[in-house]
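Close look at the chain arrangement
Chain by chain, the residues run as shown.
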Amino acid sequence: MTNRLENLPNEILIEIFHYFDARRLYRSFYNLNHRFNTLLQSLTHLCLIIWSLKDDLYDDLFASRVRTLVVHFDVIYTLSRYINVRHLVLFHSKHEQICQIMNEGFHLETISLISPRCFYSTLGVYEMIFSNQFPRLKFCHLTNVYSPSIELRQLSWSQSPLLRSLRISSHDSLIHVAILNACPNLSSLSLSLFHLDQTPLNVQSHRNLKKLKFIINNLRWPSDETIFETFFCTMPCLERLVIQRSAALPDILNELQQFDWLAKIILRRLPQLKQFIFYLQLVNTSVMNPLDFNQYICQIKKNFVDKFHNYTNYRLLINQA
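Residues numbered from 1 in each chain as written. Predicted model: local features only at pLDDT ≥ 70, side-chain atom pairs only at ≥ 80, totals over all residues. Heavy atoms only, no water.

- By the naming in an unreviewed UniProt entry, the chain is F-box domain-containing protein, taken from Adineta ricciae.

Put into structure tokens, the structure is as follows:
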């Protein structure tokens, strides 16, 4: 295998190396020969994925060239060791791991906190994120986010004008209000909520927001669709909209055949929209006869096309589970 790789030009080898985690890369190729060593030392955007507490033999050789650091579970890492890291991803993190972001993370450009396990530390780092405490931060992926409140350590968010892209999931039905007020220059927002509450009229308009993905993780669709109207009023220059809804069979079929797909609200409130995708996730499809099910699907798709018959970039995508 090594002999075959040696026959490849440097450009292709470097491209291949980008698919390796830094530790695996060095275990596989370091000290095989002078050429491989030289190529490894030329890589300046390494990705390191840490699964265990044990340091690797080669960590000190590449630590200064790690740009993306991914840490799983409660593994203790030392952020200051990776002086050029710009992208940090923590899965199931605890207090000690999150505190390192608060103390050493001011050079980060992206932060992802996936399913953190320490509630109060997480609230503290969220306060810093949404109060412009990370001067280089442009993107965040945050799960289990809650709005600041007086009852919770009297936290408050000011504004983070540098944040451009956010991916948020929350059970807080008004988290979008806090997000929109704290991030005036967002261009892209992915928002996953269990349900959506009415957006207050005093939320500022986000004219820089061009892309929105909105997921409702609830089989019950809001009965009052005017909540979408006040929501979309805050983003008049939106160009790409993705909405994802889940629905259980067979009860939902009759409703979907008459469903408006938010057509009136979208056409009225989003005049600059160029692309609209509605993802419909149908569950319990096995309870129906396949022929009957396919007929219903055809009727549902026809209903969508009828609502947006003049808009070729508006699509309905149906997934079955």
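1. Observations concerning the packing of helix α6 (residues 95-104) against helix α7 (residues 119-129)
- Between α6 and α7, whose axes approach to 9 Å, the crossing angle comes to 15°. In terms of orientation, α6 lies roughly parallel with respect to α7. Both α6 and α7 take part in a crossing whose hand is left-handed. Between α6 and α7, the residues in contact are His95, Ile98, Cys99, Ile101 and Met102 and Ser121, Thr122, Gly124, Val125 and Met128, respectively.
- Residue composition of the contact of α6 with α7, by class: six nonpolar, four polar and no charged. (Axes fitted to C-alpha atoms, helices over the stretch in contact; angles between N-to-C directions. Helix = DSSP H or I, 4+ residues; strand = E, 2+ residues; numbered from the N terminus. Parallel < 35°, antiparallel > 145°, perpendicular 65-115°, else oblique. Left-handed = near helix turned anticlockwise from the far one by under 90°. Contact = heavy atoms within 4.5 Å. Nonpolar A, V, L, I, M, F, W, Y, C, P; charged D, E, K, R; others polar.)

2. So, the packing of aromatic side chains
- All chains considered together, the criterion is met by 28 aromatic pairs.
- Plain terms: the ring middles of Trp221 and Phe228 are 5.2 Å apart, the flat faces sit at 15° to each other, and that makes the pair stacked. Across this residue pair, the class does not change: Trp221 and Phe228 are buried.
- The residue whose ring lies beneath Arg245 is Phe259, and the NZ or CZ to ring-centre distance is 5.0 Å. (Phe/Tyr/Trp six-rings, centres within 6.5 Å; stacked < 30°, edge-to-face > 60°. Buried < 20%, exposed > 50% of the residue type's maximum accessible area, 1.4 Å probe, protein only. Lys NZ or Arg CZ within 6 Å of the ring centre and 35° of its normal.)

3. Looking at a nonpolar patch on the surface
- Taken together, the side chains of Phe119, Tyr120 and Tyr146 present a nonpolar region at the surface, about 300 Å² in accessible area.
- Inspection of the secondary structure puts Tyr146 in the loop between β5 (139-142) and β6 (165-170).
- According to the relative accessible area criterion, Tyr146 is partly exposed, its value standing at 34%. (Patch = residues over 30% accessible without salt bridge, like charges linked within 9 Å, V, L, I, M, F, W, Y side chains within 5 Å. Areas by Shrake-Rupley, 256 points an atom, 1.4 Å probe, with all protein chains shown as cover. Salt bridge = Lys/Arg side-chain N within 4 Å of Asp/Glu carboxyl O.)

4. Looking at the pattern of salt bridges
- What the rule picks out here adds up to six salt bridges.
- One salt-bridge network, held together by shared partners, links Glu229, Arg268 and Arg269.

5. Re the packing of helix α3 (residues 22-29) against helix α4 (residues 34-42)
- It is at 10 Å that the axes of α3 and α4 come closest, and there the two elements cross at 165°. In terms of axis orientation, α3 runs roughly antiparallel to α4. Helix-helix and strand crossings are classified by hand; for α3 and α4 the assignment is left-handed. Contacts between α3 and α4 pair Leu25, Tyr26 and Phe29 from the former with Phe36, Asn37, Leu40 and Gln41 from the latter.

6. Topic: the nonpolar core
- Among the nonpolar cores identified, the biggest contains 99 residues, and Leu69, Phe130 and Phe232 are the most heavily contacted of them.
- The greatest single-element share of this core, amounting to six residues, is contributed by helix α8 (residues 175-182).
- Setting aside residues no more than four positions away along its own chain, Phe232 makes contact with Leu212, Leu241, Ile243, Leu262, Ile265, Ile266, Arg269 and Leu270. (Core = buried A, V, L, I, M, F, W, Y, C linked by side-chain atoms within 4.5 Å.)

7. Remarks on α3
- Within the span of α3, buried status applies to Ala22, Arg23, Leu25, Tyr26 and Phe29. Seen end-on, α3 carries its buried residues on one side only, within an arc spanning 160°. Exposed residues on α3 whose side chains face more than 90 degrees from its buried face are Arg24 and Arg27.
- The N-cap of α3, judged by a side-chain oxygen 3.2 Å from the amide nitrogen of Arg23 a few residues on, is Asp21.
- Positive phi appears at Asn31, one or two residues downstream of α3, with a value of about 70°. (Arc of directions from axis to C-beta. Polar contact = N/O pair within 3.5 Å; in protein donor to acceptor, adjacent residues only side chain to side chain.)

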